[in-house]
Structures are given as C-alpha cells and as structure tokens.
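Structure at a glance
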Amino acid sequence: MDYQRPFFLFTPHLETIYPATLRQVHGVAYTRERITTPDDDFLDLDWLQHGSSSLVIISHGLEGNSTRAYVKGMARAAYGQGIDVLAWNFRGCSEEMNRQLRFYHSGASDDLEIIVQHALAKGYKQLYLVGFSLGGNLTLKYLGERPTYPQIKRAVAFSVPLHLHSSCLKISEPSNWIYNQRFLNNLKEKVIRKATQMPGLDVTGIGNIKTLMAFDDRYTAPLHGFASALDYYTRCSALNFLHTIQIPTLIVNAQNDPFLSTACYPAAALKDHPVVKFESPQFGGHVGFAQFRKNGLYWSEERALSFLFPE
C-alpha cells in the first residue's frame, strides 16, 4: 500500500502543516469520562462506542489531545468499522490542568497501563493500540515493557521519534524553527500555569529556554524522576524496547519527516524481527499522509485499518 502525496503538498513542511491546521473531521461525537489515577490525579477519556468487544486505544502526540484532526480521523475510521474507540488525553492535555506536579512525557507508559486496565475492567476482550509521534513512542515502549498481554492483539505507530535525543536535536534545527517555537511556547505556558498552583515550581528565567532539550533538562526530566534530559531520552526511547515486543506491530515513518533523525529508521535492525514491521514511505511528512477522494480517509487511517484488522 504505497502512499502518493497530493500534488500541491510538494514539501515535507506542507505535508505536515496542512493536515494539522486545515483538515476538518466531522461526525465524531465523543462521550467523555474522567477517571482518577492511583496518585490522585485524573485522566480524561473520550469514547466512541457501539457496544463492541473490541477497542482501539489512540495515543496523541506532543501537545496534542483527542480533538486533533489526526486523532479524530483515526477514531472515525475505526468506529466506522464497528469498533469501539478510546482517545485518551495525557495529563494536562484536556484543557484542564492536572492536579499533580508531574505532567506527561514520551515514556509515561504507566498512564497507558491505567488506560488498558480500565478498558479491560469494562469487559473489552480485544485491544488494539494506535500511537502518533510522542504517543507512538509511548505505545511502543509500553509494548516492549509488557511483552505478554493476551488481550492486546495488534498495534500501529506513525511518525515515531524512536530515538529521542537525536530527534530532539533535529527539531531544534533552523529549518524546524516554527515547530520548535510552537511546542516550546505551549510547554512553557503550561509550566507557568502549573506554577500558580504549585508554588515550589520555579519559573524564573523560563523565557530564556530556546530548545526542547533545554526545557526537558530543566522541567521534564526532574519532574518525572530522571537525572537529566539525556537520561530521560536514553531510558524512554522506544528504539530500546522494540526487540522485546511480541505482538504484531507496524511502525510507519515517512522518509521526509522533518522531525525525525536517521536513527528513527531502523529498517535493517528490524529486518528479521518476528512481529515488528517497519515501513518508510517516501512521502508523508510528520503525522501527515493526506489524501483526497477517499471518503475523508487519510492514507494513515487506511493503512492502520488494513494492518489492525486483516481480512
């Protein structure tokens, strides 16, 4: 299933920005549920339910949420196949600040485990995981940490920064300035908001932080128990967990993804993996894969459905 980009999306940046800013996904009416975490925080879950015994769990990307077009597009596609869908929002991503000092990060697989256990408690028999970008890294790490989970049948991850350190350096390159600034501004705003309810959180000089790695070194790492940004990247990069995954899993990283370093294309290392399949289409951008005249389905949604639910 080859991906051909639309003629007018002729650069990786257009392929990335168009779906993120201009795509409209209609017909997705979530039902929200808030659950309490063991550390007295909360997670907001958005459901589409038929009453199926199968459930697709969708994990969004950095500073995303369940309302992003790529999440809603995937949710609509799966729901249209008669499958229940759960799009969960990471801590602090559902328009209300979470209660604890911690936020979310690329390796917060403990929260995905809470989601999985909650789904199983509701009686779902078959679970399918889909992750995008940061959520893809989190999903793959989770699968590698828990290789024997009989209810989880298959997984797909798109545009995954499998090697966090080099990908963080990549997004900080001048050609990616617009993305770096957008992410940084959102993250810094969250920390400043958090500081109003957590007086011990120091935001002095936060405006001087210019890169995601500097932000991770000052905030993400210490708030989540890591010694440094580099320690965080090393311990949470999904690349280090792929070898232990034991369920059929598809990773799709476009060759022209502006966010991903060369270390995020482990085709050779995965060539003989018994269950993990790596695909690298020439085009697609970052969480892009736009297409038209396919009943509103993007290529990534078609590819995910074909892999998750093979005939």
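Refer to the structure presented above.
Here goes a summary of the coordinates provided. (Residues numbered from 1 in each chain as written. Predicted model: local features only at pLDDT ≥ 70, side-chain atom pairs only at ≥ 80, totals over all residues. Heavy atoms only, no water.)

What follows covers helix 5 (residues 164–171). Within helix 5 the residues assigned to the buried category are Leu 164, Ser 166, Ser 167, Cys 168 and Ile 171. Looking at the buried side of helix 5, the elements it contacts are helix 4 (134–145), helix 6 (177–197), helix 7 (212–223) and helix 8 (229–236). (Buried < 20%, exposed > 50% of the residue type's maximum accessible area, 1.4 Å probe, protein only. Helix = DSSP H or I, 4+ residues; strand = E, 2+ residues; numbered from the N terminus. Contact = heavy atoms within 4.5 Å.)

Here we come to the sheet that holds strand 5 (residues 126–132). Pairing is mixed in the open sheet, where eight strands are placed in the order 1-2-4-3-5-6-7-8. Of all strands in the sheet, those with a lone pairing partner are strand 1 (31–36) and strand 8 (276–279), marking the two edges. The average angle at which neighbouring strand axes cross in this sheet is 20°, direction not considered. Pairing between strand 5 and strand 6 (residues 152–158): six bridges, direction parallel. Looking at the pairing, Tyr 128 lines up with Arg 154 of strand 6. (Pairing = 2+ DSSP bridges. Axes fitted to C-alpha atoms, helices over the stretch in contact; angles between N-to-C directions.)

On to the packing of aromatic side chains, then. Counted under the stated rule, the structure contains 21 aromatic pairs. Measuring from ring centre to ring centre gives 6.0 Å for Trp 47 and Tyr 124, while their planes differ by 15°; the resulting arrangement is stacked. With Trp 47 in strand 2 (residues 42–48) and Tyr 124 in the loop between helix 3 (109–121) and strand 5, the pair connects residues that are 77 residues apart, well separated along the chain. Take Tyr 124: its relative accessible area is 6%, and that puts it in the buried class. Seen from their ring centres, Phe 226 and Tyr 232 are 5.2 Å apart, and the 40° between their planes marks the pair as tilted. For Tyr 232, a relative accessible area of 4% translates into the label buried. (Phe/Tyr/Trp six-rings, centres within 6.5 Å; stacked < 30°, edge-to-face > 60°.)

Counting 67 residues, the largest nonpolar core has Ile 57, Trp 88, Ile 115, Leu 127, Leu 140, Leu 162 and Ile 251 as its most contacted members. Not counting residues up to four positions away in its chain, the partners in contact with Ile 115 are Ile 35, Leu 43, Leu 45, Ile 57, Leu 86 and Trp 88. Within the second largest apolar cluster, 35 residues are counted, among which are Ala 78, Val 156, Val 287 and Leu 305. (Core = buried A, V, L, I, M, F, W, Y, C linked by side-chain atoms within 4.5 Å.)

Moving on: the packing of helix 7 against helix 8. Orientation of helix 7 relative to helix 8, taken along the N-to-C sense of each, is 90°, at an axis distance of 8 Å. Considered as vectors, helix 7 and helix 8 are oriented roughly perpendicular to each other. Residues Leu 212, Met 213, Asp 216, Asp 217, Thr 220 and Ala 221 of helix 7 touch helix 8, and the partners they reach there are Ala 229, Tyr 232 and Tyr 233. Classifying every residue of the contact of helix 7 with helix 8 by side-chain character gives six nonpolar, one polar and two charged. (Parallel < 35°, antiparallel > 145°, perpendicular 65-115°, else oblique. Nonpolar A, V, L, I, M, F, W, Y, C, P; charged D, E, K, R; others polar.)

Once that is clear, we can look at helix 7. Taken together, the buried positions of helix 7 are Leu 212, Phe 215, Asp 216, Tyr 219, Thr 220, Ala 221 and Leu 223. Tucked inside the fold, the buried residues of helix 7 contact helix 5, helix 6 and helix 8. At the exit of helix 7 stands Gly 225, carrying a positive phi of roughly 85°.

The next point concerns the packing of helix 2 (residues 69–79) against helix 9 (residues 299–308). It is at 10 Å that the axes of helix 2 and helix 9 come closest, and there the two elements cross at 45°. With respect to helix 9, the element helix 2 is oriented oblique. Here the hand of the crossing between helix 2 and helix 9 comes out right-handed. Across the interface between the two elements, Tyr 70, Gly 73, Met 74, Ala 77 and Ala 78 from helix 2 touch Ser 300, Glu 301, Ala 304 and Leu 305 from helix 9. Residues belonging to the contact of helix 2 with helix 9 are distributed by class as follows: six nonpolar, two polar and one charged. (Left-handed = near helix turned anticlockwise from the far one by under 90°.)

Okay, the environment of Phe 7 next. Its place among the elements puts Phe 7 in the segment before helix 1 (12–22). Among the residues examined, Phe 7 registers a relative accessible area of 76% and is labelled exposed. Taking the C-alpha atoms as reference points, Phe 7 and Gln 246, separated by 239 residues in sequence, lie 39 Å from one another.

Here the focus is the pattern of salt bridges. Counted by the stated rule, this structure contains 24 salt bridges. Between Glu 33 and Lys 122 there is a salt bridge whose closest N-O contact spans 3.7 Å. Taken together, the positions of Glu 33 in strand 1 and Lys 122 in the loop between helix 3 and strand 5 put the pair 89 residues apart, joining distant regions of the chain. One salt bridge in this structure joins Glu 145 and Arg 146, with 2.9 Å as the shortest N-O distance. (Salt bridge = Lys/Arg side-chain N within 4 Å of Asp/Glu carboxyl O.)

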